[in-house]
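Close look at the chain arrangement
Chain by chain, the residues run as shown.
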2 protein chains.
Amino acid sequence: MRISTKAQYAVRAMVSLSLHGEGKPLALHDIATREAISLAYLEQLFVKLRRGRIVKSVRGPGGGYVLARPAVEIRVDEIIDSVEESLVPVSCMDDKGRCVCGDQCVSHAVWQGLGERVRQFLSSITLADLTRDAANKARTVLSDEC
Amino acid sequence: MRISTKAQYAVRAMVSLSLHGEGKPLALHDIATREAISLAYLEQLFVKLRRGRIVKSVRGPGGGYVLARPAVEIRVDEIIDSVEESLVPVSCMDDKGRCVCGDQCVSHAVWQGLGERVRQFLSSITLADLTRDAANKARTVLSDEC
DNA sequence: AGCATACCCGAGTAAAACTGTCAATTAATT
DNA sequence: AATTAATTGACAGTTTTACTCGGGTATGCT
Ligand code: FES
Ligand code: FES
């Protein structure tokens, strides 16, 4: 029941982009050094974030990435979806709780309910929420472990 | 964000035990054939379930496993804990939300909140709930995919 | 006692998933 | 033209998962 580090990196990177970008394109190089994530790996992530219509790319010198929408409209579950981590807890079930077995297996309701809670919680948090928190924390301590 | 099949098997096996055991020891062989799970694998699971004080073993001929407590007192999260799957979504955090970074990382609150929801939901369901559902379903259809 | 049943346990393994790197390319700016 | 920086696909190392195998140990029955 772990979230992949890929998804964790994606969230962190998005907060960093939202916090330090401010409308202007921010190069991955900046995020990479600030968050101590390998540039090559970030590239991989941002391709997916772009395809998920969460960021837009600006090529050439002075280029980088910009949020595709205001931070208030970007939910955490969207970020995780983009990097291709499923939020459904079992592989036999799709996003809407439909299963290969209908709903006949004994634990169907457990996994379906669990998936719904996870989705509900992660969709209740926006990038703007995280960015605000990060700005407050930055005043006191600087720590970038996770 | 997937639950391991190990945990899924554990839940299914426990429902099967609770449903067909009725006080008497039920041999793993029975569960294995009924649920189409390999006996060797089930043995591995039940050692852990026993150490988690969820079942008791009865050795010798006519032996098997019995619930260690009434089904109403066995929660689904306990079953999953026993087979050693963590319900905390990130590896840097323990059960109580304590982190290597205090609570300084930007997404700390996200993962902590997520872990709490998962725990809360899975601890709200008991083996008795699942057994009752299974008994109802058995009347209409028989399907054991999951 | 001897035998069959059924739990007990550690080691080992093949496949899959995860994490991350590399090299080569395209596009825009100066 | 030179430089910056995103774009892309392929690929390798490591870890985790999902099992199997082989031999033990306790118990009850005849
Ligand atoms: S087939 Fe697995 S829960 Fe329905
Ligand atoms: S160290 Fe990872 S969330 Fe705190």
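First things first, this report covers the structure right here in the doc. (Residues numbered from 1 in each chain as written. Chains lettered and ligands numbered in written order. Predicted model: local features only at pLDDT ≥ 70, side-chain atom pairs only at ≥ 80, totals over all residues. Heavy atoms only, no water.)

Section: the nonpolar core
In terms of nonpolar packing, the biggest core is built from 93 residues, with Phe46 of chain A together with Phe46 of chain B touching the most fellow members. Ignoring anything within four residues of it in the chain, the contact list for phenylalanine 46 of chain B reads Ala13, Leu17, Leu28, Ile31, Val55 and Tyr65 of chain B. (Core = buried A, V, L, I, M, F, W, Y, C linked by side-chain atoms within 4.5 Å. Buried < 20%, exposed > 50% of the residue type's maximum accessible area, 1.4 Å probe, protein only. Contact = heavy atoms within 4.5 Å.)

A few points about the relation of the copies chain A and chain B
Each copy superposes on the other: chain A lies on chain B with an RMSD of 0.1 Å after a rotation of 180° and an axial shift of 0.0 Å. What we have between these two chains is a two-fold relation. In terms of C-alpha distance to the rotation axis, chain A has methionine 1 of chain A as its closest residue, with the C-alpha 2.5 Å off the axis. A shared interface surface links the copies, since 100% of the contact residues of chain A are contact residues in chain B too. (Least-squares fit on C-alpha atoms with pLDDT ≥ 70 in both.)

Notes on the packing of helix α1 (residues 5–21) of chain A against helix α2 (residues 28–35) of chain A
All names here are of chain A. Axis separation between α1 and α2 bottoms out at 10 Å; the angle between their running directions is 115°. As the angle between them shows, α1 and α2 are arranged roughly perpendicular. Here α1 runs over α2; the crossing is right-handed. Contact residues: Arg12, Ala13, Ser16, Leu17 and His20 in α1; Ile31, Arg34 and Glu35 in α2. Each residue belonging to the contact of α1 with α2 can be placed in one class, and the counts come to 3 nonpolar, 2 polar and 3 charged. (Axes fitted to C-alpha atoms, helices over the stretch in contact; angles between N-to-C directions. Helix = DSSP H or I, 4+ residues; strand = E, 2+ residues; numbered from the N terminus. Parallel < 35°, antiparallel > 145°, perpendicular 65-115°, else oblique. Left-handed = near helix turned anticlockwise from the far one by under 90°. Nonpolar A, V, L, I, M, F, W, Y, C, P; charged D, E, K, R; others polar.)

Quick word on the protein's contact with DNA strand C
In the neighbourhood of DNA strand C, 26 residues make up the surrounding shell, with Ser38 and Arg59 of chain A together with Arg50, Ser57 and Tyr65 of chain B lying closest. Restricting attention to atoms of DNA strand C within 4 Å of the protein, one finds that 66% of them are sugar or phosphate atoms. In this structure, a base oxygen belonging to DNA strand C sits 3.0 Å away from a side-chain N or O atom of glutamine 44 of chain A. A distance of 2.7 Å is found between a phosphate oxygen of DNA strand C and a side-chain nitrogen or oxygen belonging to arginine 50 of chain B. Counting residues per element, the ones that place at least two in the surface near DNA strand C are α1 and α3 (39–51) of chain A together with α3 (39–51), β1 (55–58) and β2 (64–67) of chain B. Broken down by element, the surface near DNA strand C gets its largest block of residues, 4 residues, from α3 of chain B. Along the lines of polarity and charge, the residues of the surface near DNA strand C split into 9 nonpolar, 11 polar and 6 charged. (Near = heavy atom within 4 Å. Polar contact = N/O pair within 3.5 Å; in protein donor to acceptor, adjacent residues only side chain to side chain.)

Digging into the interface of chain A and chain B
With 42 residues of chain A at the interface, the matching set in chain B holds 42 residues. Buried area between chain A and chain B, summed over both chains or domains, comes out near 3900 Å², and the portion from carbon and sulfur atoms is 69%. Here chain A and chain B share 0 salt bridges between them. In this assembly, chain A and chain B are joined by 14 residue pairs in polar contact (both at pLDDT 80 or more). Mapped onto the side of chain A that touches chain B, the elements with two or more residues apiece are α1, α4 (76–82), α5 (108–123) and α6 (127–140) of chain A. Take the side of chain A that touches chain B: its biggest share by element is 9 residues, from α5 of chain A. A breakdown of the residues in the side of chain A that touches chain B according to their chemical character gives 27 nonpolar, 8 polar and 7 charged. (Buried area = accessible area lost by both parts, 1.4 Å probe. Salt bridge = Lys/Arg side-chain N within 4 Å of Asp/Glu carboxyl O.)

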